[in-house]
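Architecture at a glance
Take a look at the letters that make up each chain.
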Amino acid sequence: MRPQRGMTGERMGGALALAFILGFVALALVPLLRFGSAGGLDAQIVGVLKFTLLQASLSTLLSVVFGAVVALSVARRPQLVGRVWLLRFMAAPMGLPALAAAFGVLAVWGREGVFNSVLSFFGVATKFNVYGMTGILVAHTFFNIPLAARLFTAALDRFPPTYWKLAANLGLGRVSLFRLVEGPALMAALPGVAGLIFMLCATSFTLVLTLGGGPAATTLEVAIYQALKFDFEPGRAVFLVLVQVVLTGLVLLFLAAFPTPAEERAQQGAGIRRFDGGSLVSKVWDGAVILVFLIFCGAPFVAILVDGLRADFPHLLADPLFWRALSTSAALGLSAGLLALILSWLIAVARISTASRVFAGGLDAGGSLILLTPPIVLSTGWFLWLKGGGGFAPYVLVAVINALMALPFSLRVLQPAVLSHFERTRRLSQSLGLTGFQRLRIIDAPALSRPLLMAFFFALALSLGDLGAVALFGGEGFVTLPWLIYARLGSYRTTDAAALTLILAAVCMAFAVLGTPSDRRQGEAGR
Amino acid sequence: MRKTVLLAAVAALLSSTSAFSADKVLNVYTYESFTAEWGPGPKVKAAFEKTCGCTVNYVSVEDGVALLNRLKLEGKDTKADIVLGLDTGLVADAKATGLFAPSGVDASAVKVPGDFKDDVFLPYDYGHFAVVYDTEKLKTPPKSLDELVNGNPDEKIVIEDPRTSTPGLGLLLWMKSVYGDKAGDAWKKLSRRVLTVTPGWSEAYGLFTKGEAPMVLSYTTSPAYHEIEEKTTRYQAASFSEGHYIQVEVAGMTATSKDPALAKSFLSFMVSPAFQDIIPTTNWMLPAAKMDQPLPEAFNKLVQPAKTFLMSPDEVEKNRKAWVAEWVAAMGAK
């Protein structure tokens, strides 16, 4: 399948997916323009913009650097005991609602957290104060180091095993190996990973406010929320969304300008052997890196566990509302995951079969920029179209919004895998004369089952933790788990909320397990 | 056959809050914690349905601000007969929509501090904002707003953001009522004691009960919850000598209601003992009119503010943006 101009099935599919996404967003914005004026860029917004850029850049830098360090160590140890669990764990923080994560992070780093207890145990009198930029960075890296590490590890694992063998035969040293093999692999994944994390951090809301210590820490997302909610100037909200899109679009363009070496890939991840991790120094280093990573990202989960176990579970599990919330969340997550998977498949396939740079850029942007339109803006706009809407409408709407929010994640999992797979099998399918669904069934599905699963469960976990889109419709018999957590918190029931958070985290972990099957099962699926 | 049953079950699930067969339906728009299983909603519905020969149908959104926004989004197409859960700060804005009709209900039964009177909106409960503190961590709580502002910066408080939450706005108005033009300076001083500013009450109160700070901005009624539901007197509200700012929660009927007589009878019911009896231990606020039962003991021990602050809705509406800007500037410059 050589890149061509004109319309083929693949490009048609991508165009449809793109039209759906852009149409959905644009239609949501239109009715909002009826209300209030757009206003302009005042000094306060400029200050907010500066802070948004600063904290998002720092968060991204730290997440990407430490994510890469962790990925290098994990990738060097294909035989590591419990490696698959490590990879599964990396997908878990994503599913946590921001507030739950904030409480988890504070249990470790807060004024009364574990870290300060350790300090005072060793006789340090001054308390470590996490609130401020530090808190924002800690929380953002808690979410995003695992994400970056997961995506980078996948990039390194996709490398042809022959490379490692060749590198060993040539006797490449640590530095040369990084320069010639690992570095280029990381660089190829960098724009996608960094862009995603930047968008996530730039649009962060609850974490920035709660851990930021005061209004000096305000993102544009807060201003959008304020415009839409307290000031009720939807027109201004739309204007600020556009500012956010343009600003972040520029950052993404900048990232895309990084030289991306052409990746040459062959085999799937299974059966990698690394020859470079034999020395004691490298073993100690990798062990230490993985341990620190586990402590940093695991501790908040331990806090959530300890906190959650205090609750009265039998009472909680006897509540029919809980089961309704759980099943609604699961149903929404499954639909959103499936839709995200279909859209990202269409986009990924179209992306590699087009020679048009404009179309390719459009696909990249369409698959990402959606994160920059807050769910509350989308749901408000669609609420106006549907006139409140009864029956299924809110369910469909929330599922679509969640799917679109998850799209940037699933796309980053799927796209590189699809690229290397298609390059590898192009000649094979041509010679067999396989096209369309036949090709999908016989060639693509078995070989891509692993990234497809991962993309699906990434999207699923993400929409499980989402509250935003439900907020406007919630309460009318429409109850999700995050909604229930907030509802309990909102009426003094902190212990119940902690228990529900624990259940949500456990569900996310279960989906992360399903999304990353162990090698043995992968072997069976591939047969 | 089984398919039909399944479809019916799905349909029933989806429309679980909508009416089935009763002739008359009263649509009440409110906020979520009102309709929660532990909130006043279910009991209010049962009590009113006993007498009205109608079905009460709740539509609930996040909070009072979202409630008004929802109404603005729906405009004249709104199905609401009653809107319950706005507070006095939102009243001017709500009236300006032209979507509400005068209630015509005799308000003489209503008794709230600060003397809020209105021909459209009727109070159903109230509470004073207060600094709630942890008695195990704070032995000498501030006795005035001034002591809070000038106190030991190592003893922290968590507050809510006035740009995103009602209690946050409440504290802003409280500070303005006490300090007037000097509110900016007072905020600057207070900012040394502010651990962090959260988007809403839930986050702030969560941080407080998790022990991150010994003080939080909440309500005078918060200790009653802990005493009645959790059997603990650990969390107490601090009484401030200057007085406390009040939050009065109100309801009104829409001009578009298809059954204004029914809507009016609900508002009358709302200020009657049958409704008021439910409020204290479900909404954790104080009743706005006479109850039949005595107020639970824990409520009698609550802080009784010596003075109540309440700004007129118009004044709030006119100055809110400027005051919030002042707050951002003062808090940001710490």
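Procedures and definitions
Residues numbered from 1 in each chain as written. Chains lettered and ligands numbered in written order. Predicted model: local features only at pLDDT ≥ 70, side-chain atom pairs only at ≥ 80, totals over all residues. Heavy atoms only, no water. Helix = DSSP H or I, 4+ residues; strand = E, 2+ residues; numbered from the N terminus. Rg over C-alpha atoms; globule rule 2.2 N^0.38 Å. Buried < 20%, exposed > 50% of the residue type's maximum accessible area, 1.4 Å probe, protein only. Contact = heavy atoms within 4.5 Å. Areas by Shrake-Rupley, 256 points an atom, 1.4 Å probe, with all protein chains shown as cover. Lys, Arg positive; Asp, Glu negative; His and termini not counted. Charge placed at Lys NZ, Arg CZ, Asp CG, Glu CD. Core = buried A, V, L, I, M, F, W, Y, C linked by side-chain atoms within 4.5 Å. Domains from an automatic or database assignment. Disulfide = S-S within 2.5 Å. Patch = residues over 30% accessible without salt bridge, like charges linked within 9 Å, V, L, I, M, F, W, Y side chains within 5 Å. Salt bridge = Lys/Arg side-chain N within 4 Å of Asp/Glu carboxyl O. Buried area = accessible area lost by both parts, 1.4 Å probe.

**Some points on the overall build of chain B**
Helix and strand counts for chain B come out as 15 helices and 12 strands. By the compact-globule yardstick of 20 Å for 334 residues, chain B fits well, its C-alpha radius of gyration being 21 Å. Principal-axis analysis of the C-alpha atoms gives chain B an extent of 70 × 40 × 40 Å. Taking all 334 residues of chain B together, 60% fall into the buried category. When contacts within chain B are restricted to residue pairs at least 6 apart in sequence, those whose partners lie at least 24 apart make up 76%. Of the roughly 13,100 Å² of accessible surface on chain B, a fraction of 54% belongs to carbon and sulfur atoms. If the 36 positive side-chain charges of chain B are averaged to one point and the 41 negative ones to another, these points end up 2 Å apart.

**Comments concerning the nonpolar core**
Phe152 of chain A together with Leu84, Leu86, Ile159, Trp187 and Phe275 of chain B are the most contacted members of the largest nonpolar core, which has 277 residues in total. Looking at this core element by element, the count peaks at 15 residues for helix H17 (residues 393-432) of chain A. Counting contributing residues per domain, this core is built from domain 1 (1-35 + 311-527) and domain 2 (37-308) of chain A, each supplying no fewer than three. Discounting residues that sit within four places of it in the chain, Phe275 of chain B has contacts with Phe34, Val44, Leu84, Tyr124, Phe266, Phe269 and Met270 of chain B. Judged by nonpolar contacts, the second largest core, of five residues, contains Tyr395, Val398, Ala399 and Phe478 of chain A.

**Overview of unusual backbone geometry**
The phi dihedral of Phe232 of chain A falls on the positive side, at around 40°, and the residue is not glycine. One can find Phe232 of chain A in the loop between helix H10 (220-228) and helix H11 (234-256). For Phe232 of chain A, a relative accessible area of 11% corresponds to the buried category. Here Asp115 of chain B, not a glycine, exhibits a phi torsion of approximately 55°, which is positive.

**Considering the state of the cysteines**
Evaluated as defined, the whole model comprises one disulfide over all chains. With a sulfur-sulfur separation of 2.1 Å, Cys52 of chain B is cross-linked through a disulfide to Cys54 of chain B. An S-S torsion of about -85° defines the bridge between Cys52 of chain B and Cys54 of chain B as left-handed. Here the two residues Cys52 of chain B and Cys54 of chain B agree in accessibility, since each one is buried. With no disulfide partner, Cys297 of chain A has as its closest neighbouring cysteine sulfur the one in Cys201 of chain A, 13 Å distant. The thiol of Cys508 of chain A is not disulfide-bonded; the next cysteine sulfur, from Cys297 of chain A, is found 15 Å away.

**Focus: a nonpolar patch on the surface**
Where nonpolar side chains cluster on the molecular surface, the patch consists of Val114, Val118, Phe121, Phe122 and Val124 of chain A and spans about 530 Å² of accessible area. Residue placement: Val118 of chain A occurs in helix H5 (residues 114-121).

**Here we look at the pattern of salt bridges**
Residue and element names in this part refer to chain B. Applying the stated criterion to the full structure yields 27 salt bridges over all chains. We note a salt bridge from Asp93 to Lys72, for which the minimum N-O separation is 3.1 Å. Within this pair, whereas Asp93 is found in helix H5 (residues 91-96), its partner Lys72 is found in helix H4 (residues 64-74), the two being separated by 21 residues in sequence. We note that Asp93, like Lys72, is buried. Of the charged contacts, one joins Lys95 and Asp119 as a salt bridge, the two residues approaching to 3.9 Å between their closest N and O atoms. Of the two residues, Lys95 is situated in helix H5 and Asp119 in the loop between strand E4 (100-101) and strand E5 (122-134); the sequence distance between them amounts to 24 residues.

**Notes on the domain arrangement of chain A**
All names here are of chain A. Domains assigned within chain A are domain 1 (1-35 + 311-527) and domain 2 (37-308). On a C-alpha basis, the centres of domain 1 and domain 2 stand 20 Å from each other. Taken together, the contact pairs 48 residues of domain 1 with 50 residues of domain 2. Both faces considered, domain 1 and domain 2 share a buried interface measuring about 4,400 Å² in area, 75% of it formed by carbon and sulfur atoms. Counting the surface domain 1 buries against domain 2, the share from its top three residues, Phe35, Leu372 and Arg412, is 15%. Seen at the junction of domain 1 and domain 2, the total is zero salt bridges. Mapped by element, the contributors of at least two residues to the side of domain 1 that touches domain 2 are helix H16 (375-386), H17, helix H18 (436-464), helix H19 (481-489) and helix H20 (494-515).

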